[in-house]
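Each chain, letter by letter, is given below.
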Amino acid sequence: AKAKGRNTYHFYSQELDAAANERLFIENELRLAIKARQFVIFYQPQVDSRTQHVVGYEALIRWFHPTEGMIPPTKFIPIAEATGLIVELGAWVLQEACEFAARLAAQGRENNISINLSARQFKDAKLVPLLASIIKKTKVSAKRLHLELTESMLMGNVEAAITQLHQLKALGVSISIDDFGTGYSSLSYLKRFPVDILKVDRSFVKDIPDDPNDMEITAAIIAMAQKLKLNVVAEGVETIEQVEFLQNNNCFIVQGYYYSPPIAEQDLPKLFAKLDD
Ligand code: C2E
Ligand code: CA
Ligand code: CA
Ligand code: CA
């Protein structure tokens, strides 16, 4: 039993080493990857299910590493956040996404662009002046920009979060609560924050129409958003049954594989052939 215990310990420590090594690798490579132009932003359409028209896009970062291939954001965003590299990376995302929005506008496509903010980026005192300067340089219409935050980012220092949200809103942008329903925010909190959009988390949508609880929760979130006069977007929509359930509950803006996965900008013409034209 003793030997087995030792082996078990050994096994776990090797696993930990592997995880720590991967972390270290990603951390080191992240520092180089911006300059080496290894990041690309993919765009996932948000579609009005009544008209099949694209109303906006969410910007989702991709890392194409020369030897590791595609490293998903769920692997490197937390490390970028922990090391502070997210501030530089996030600034790059803001710049790229606004340039994309400006290119779309030049084609006569006035679409919203949703951009994910990380916790550190949101708390950064330089965020507001940075965004102001990017808006000015790219000439993007600020009202087209939707900044996606999560509930947990608002919960720590509530007063500071409210101040930062008001400063962002003063630039003309909209605020969206991502993954809504998975955090700890209560209704009374929500009313205190100047937010515009709720995104119903995929975890509630994915088992519609099989899970009656998820259907109740989704319907309740939509009804609550309407009472608070917030717009609502459903994410992770994969089937026609889900589209129809959402329509029947007054949620018409949907994002998910049913319409399109996130795609590279050069693949947009294929999307326009199917939707939006
Ligand atoms: P998120 O903001 O909740 O983004 C939605 C995720 O769901 C994306 O994963 C998207 O590809 C995926 N998705 C969309 N539709 C469907 C669907 O119908 N079915 C399923 N199964 N999945 C769907 P992705 O691109 O891997 O991004 C994961 C997370 O990484 C994002 O979650 C976001 O938290 C973070 N992230 C991505 N890009 C950025 C960024 O530029 N900055 C920051 N701070 N975080 C980012
Ligand atoms: Ca998001
Ligand atoms: Ca989300
Ligand atoms: Ca998520």
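Every chain is numbered on its own, with residues counted from 1 as its sequence reads. Chain letters start at A and ligand numbers start at 1, both assigned in the order the entries are written. Under the rules for a predicted model, residues below a pLDDT of 70 receive no local features and side-chain atom pairs below 80 are neither given nor counted, while totals for whole chains, interfaces and linings still include all residues. Remark: hydrogens and water are excluded; side-chain values derive from all non-hydrogen atoms of the structure.

- Going by an unreviewed UniProt entry, the protein chain carries the name EAL domain-containing protein and comes from Pseudoalteromonas rhizosphaerae.

**Examining the site of ligand 1**
- Any residue with a non-hydrogen atom lying within 4 Å of a molecule or strand is treated as near it. By nearness alone, 22 residues border ligand 1, and Q44, R62, D178, E238 and Y257 come closest of all.
- Contacts to ligand 1 include I61, whose backbone N or O atom sits 3.1 Å from a nitrogen atom.
- A distance of 3.1 Å separates a nitrogen atom of ligand 1 from a polar atom in the side chain of R202.
- About the coverage of ligand 1: the protein hides 81% of its 810 Å² of free accessible area.
- Each helix corresponds to a stretch of at least 4 residues labelled H or I by DSSP, and each strand to a stretch of at least 2 residues labelled E; elements are numbered beginning at the N terminus. At the level of secondary structure, the elements contributing two or more residues to the shell around ligand 1 comprise strand 2 (53-65), helix 2 (73-83) and strand 6 (174-180).
- Here the element with the most residues in the shell around ligand 1 is strand 2; it accounts for 4 residues.
- Tallied by class, residues from the shell around ligand 1 come to 9 nonpolar, 6 polar and 7 charged. Pairs of N or O atoms within 3.5 Å make up the polar contacts considered here, provided that, within protein, one atom can donate a hydrogen while the other can accept it, and that residues adjacent in sequence are counted only when both atoms are side-chain atoms. Accessible surface area values rest on a Shrake-Rupley calculation with a 1.4 Å probe, where residue burial reflects the displayed protein chains alone. Under this grouping Gly is polar, as are all residues other than the nonpolar Ala, Val, Leu, Ile, Met, Phe, Trp, Tyr, Cys and Pro and the charged Asp, Glu, Lys and Arg.

**Overview of helix 2**
- For the exposure calls, accessible area comes from a 1.4 Å probe over protein chains only, and a residue counts as buried if that area is under 20% of its type's maximum, exposed if over 50%, partly exposed in between. If you check which residues of helix 2 are buried, you get F76, I79 and A80. Projected down its long axis, helix 2 carries its buried residues within an arc of 105°, all on one side.
- Positioned one or two residues after helix 2, G84 has a phi angle of 90°, which is positive. Picture the helix axis, draw a direction to every C-beta atom, and the arc is the one those directions span.

**Focus: the packing of aromatic side chains**
- Pairing of aromatic rings covers Phe, Tyr and Trp, the last counted by its six-membered ring, and requires centre-to-centre distances within 6.5 Å; plane angles under 30 degrees mean stacked, over 60 mean edge-to-face, and any other angle means tilted. Counted by the stated rule, this structure contains 8 aromatic pairs.
- Here the aromatic rings of Y43 and F100 are separated by 3.6 Å at their centres, their planes lie at 15°, and the arrangement is stacked. With a gap of 57 residues between them, Y43 in strand 1 (residues 39-48) and F100 in helix 3 (residues 86-106) connect regions that are remote in the sequence. Neither residue differs from the other here; Y43 and F100 are each classed as buried.
- Taken together, the aromatic side chains of F39, W63, F76 and W92 make up a single cluster linked through ring pairs.
- In this scheme, Lys NZ or Arg CZ marks a charge over a ring once it lies within 6 Å of the ring centre and within 35 degrees of the ring normal. Across the ring face of F252, the terminal group of R50 is positioned such that the distance to the ring centre comes to 4.1 Å.
- Over the ring of F272 we find R109; its NZ or CZ atom is 3.4 Å from the centre of that ring.

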